[in-house]
Amino acid sequence: MIYYSTNGQAPDATLAEAVVKGLASDKGLFMPEKIKPLSQEFFDNIQDMTFQEIAFEVANAFFGEDIECETLRKIVYDTLSFDTPAVKVEDNIYSLELFHGPTLAFKDVGARFMARLLGHFIAQEGEGREVNVLVATSGDTGSAVANGFLGVPGIKVYVLYPHAKVTEIQEKQFTTLGQNITAIEVEGTFDDCQALVKSAFMDKELNEAMKLTSANSINVARFLPQAFYYFYAYAQLKKAGKADNVVCCVPSGNFGNITAGLFGKRMGLPIKRFIAANNRNDVFLEYLNTGKYNPRPSVATIANAMDVGDPSNFARILALYENSHQAITAEISGVSYNDEEIRQTIKEAYTRTGYLLDPHGACGYRALCEKLSEGEVGFFLETAHPAKFLNTVEEVIGEQVAIPERLQAFMRGTKESVMMKPNFADLKEFLLSR
Ligand SMILES: *Cc1c(COP(=O)(O)O)cnc(C)c1O
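Residues numbered from 1 in each chain as written. Predicted model: local features only at pLDDT ≥ 70, side-chain atom pairs only at ≥ 80, totals over all residues. Heavy atoms only, no water.

Right, let's get into the overall build of the protein chain. When its secondary structure is counted, the protein chain shows 20 helices and 13 strands. A compact globule built from 434 residues would reach a C-alpha radius of gyration of about 22 Å, and the protein chain, at 20 Å, matches this within 12%. The principal-axis extents of the C-alpha atoms in the protein chain amount to approximately 60 × 50 × 45 Å. Considering only contacts in the protein chain between residues 6 or more positions apart, those separated by 24 or more positions represent 74%. Each charge class in the protein chain can be summarised by its mean position, and for the 41 positive and 55 negative side chains these summaries are 1 Å apart. (Helix = DSSP H or I, 4+ residues; strand = E, 2+ residues; numbered from the N terminus. Rg over C-alpha atoms; globule rule 2.2 N^0.38 Å. Contact = heavy atoms within 4.5 Å. Lys, Arg positive; Asp, Glu negative; His and termini not counted. Charge placed at Lys NZ, Arg CZ, Asp CG, Glu CD.)

Tracing the backbone through its elements, the reader meets glutamine 173 in helix 7 (residues 168-175). The contact partners of glutamine 173, leaving out residues within four places of it in the chain, are Thr103, Leu104, Ser143, Asn147, Lys388, Leu407 and Phe410.

Here helix 11 (residues 228-239) spans 17 Å end to end across 12 residues, near enough to the 16 Å set by a 1.5 Å rise per residue. Counting buried positions along helix 11 gives 10 out of 12 residues, so the element sits mostly inside the fold. Among the residues making up helix 11, those that are buried are Phe228, Tyr229, Tyr230, Phe231, Tyr232, Ala233, Tyr234, Ala235, Gln236 and Leu237. (Expected span 1.5 Å × (residues − 1). Buried < 20%, exposed > 50% of the residue type's maximum accessible area, 1.4 Å probe, protein only.)

Neighbouring residues of the ligand: 15 residues in total, closest Lys107, Asp140, Gly253, Asn254 and Thr383. Residue glycine 253 places a main-chain N or O atom 2.7 Å away from an oxygen atom belonging to the ligand. At 3.2 Å, a backbone N or O of glycine 256 approaches an oxygen atom of the ligand. In the shell around the ligand, the residues fall into six nonpolar, seven polar and two charged. (Near = heavy atom within 4 Å. Polar contact = N/O pair within 3.5 Å; in protein donor to acceptor, adjacent residues only side chain to side chain. Nonpolar A, V, L, I, M, F, W, Y, C, P; charged D, E, K, R; others polar.)

This is the structure in structure tokens:
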């Protein structure tokens, strides 16, 4: 498969090149040249297939030309060592629980897949090869990537995160690991972290001295596997006899997750329409309403993994719909909720149904409550476990929340990080000294 850059100024890349480079040389995002539809037979039988079987068919459509079949199957099966059940919250609303992986957020899927695929490519290059993964995080990416790559030979990971803007639990998940993982605590915002990472990829001297790659959702190896669970969600709804008029709602920050779902639709997945749920960082909603895209600095909210003012995957959405605002609004609508509305939603849902939402999933759930039409069935992506946002959630419901054991284990570790100003020269010097 050939991967082209959304900016159109970089040479086409192979899968291995796109995965190792992360970002194209013109700062564009890599897009697969083709999106292959899956067969009618696949959709006819999907309700009887396992998550792993479904995911392999999807993976094969993207990666089958480039990776030997049994290797790809092993990567997919190892990645999906946990379930993503669609849990009924209301008669016509399901929660696709994506928090059953090692770091209790959906990013485990993409990160585990990417670590295995990159490990495969590095091993092919032979002894002594080393790749440095740079990743900016607003909370959950860092933990998923650090844990996905922990101990993988030939790979060093640098996690850049904004000081005092992630929760203690999130922070512990990437600052306590040691081994090949280094946490860099930036005195700035998530956007500063993202800008530092982008500058690093553009710096000629740094790239000559060391091989750098990104594990942000811009990397095709993290981004495309997120399509797997949209198909599996559909399979579960079909099994329950609820698949005729499916609406999917995705709590969105950098828009990688929803874009993977849109790719799924392009492959034939019968999802009628999508809703992008935002917190107060709603440049995408504004784009839907006005046709104008005005990126701006992010504002802090209680759904902090969606505090993004310039969503990187917006470029992929434009590419997918050939820049047509009309085509985009025909398939995607949007909502935006402030912190107070998010709190109310968590409380109301818990009191009325007993289902505990995290602040991100709460945006998704509320959007379906407000926007579903008669006869539609909706599922929202419950992108993280509520215990990851313990203070917020406990304060809202006025009760203690049980913390899963694998999360408690992280809490017992000791934090280690390198403090840094949001200044590229400092980052460069630090990386070159390693
Ligand atoms: C990363 C994240 C999001 C946003 O996902 P994008 O792919 O960046 O849109 C939403 N919720 C949680 C819990 C996250 O960690």
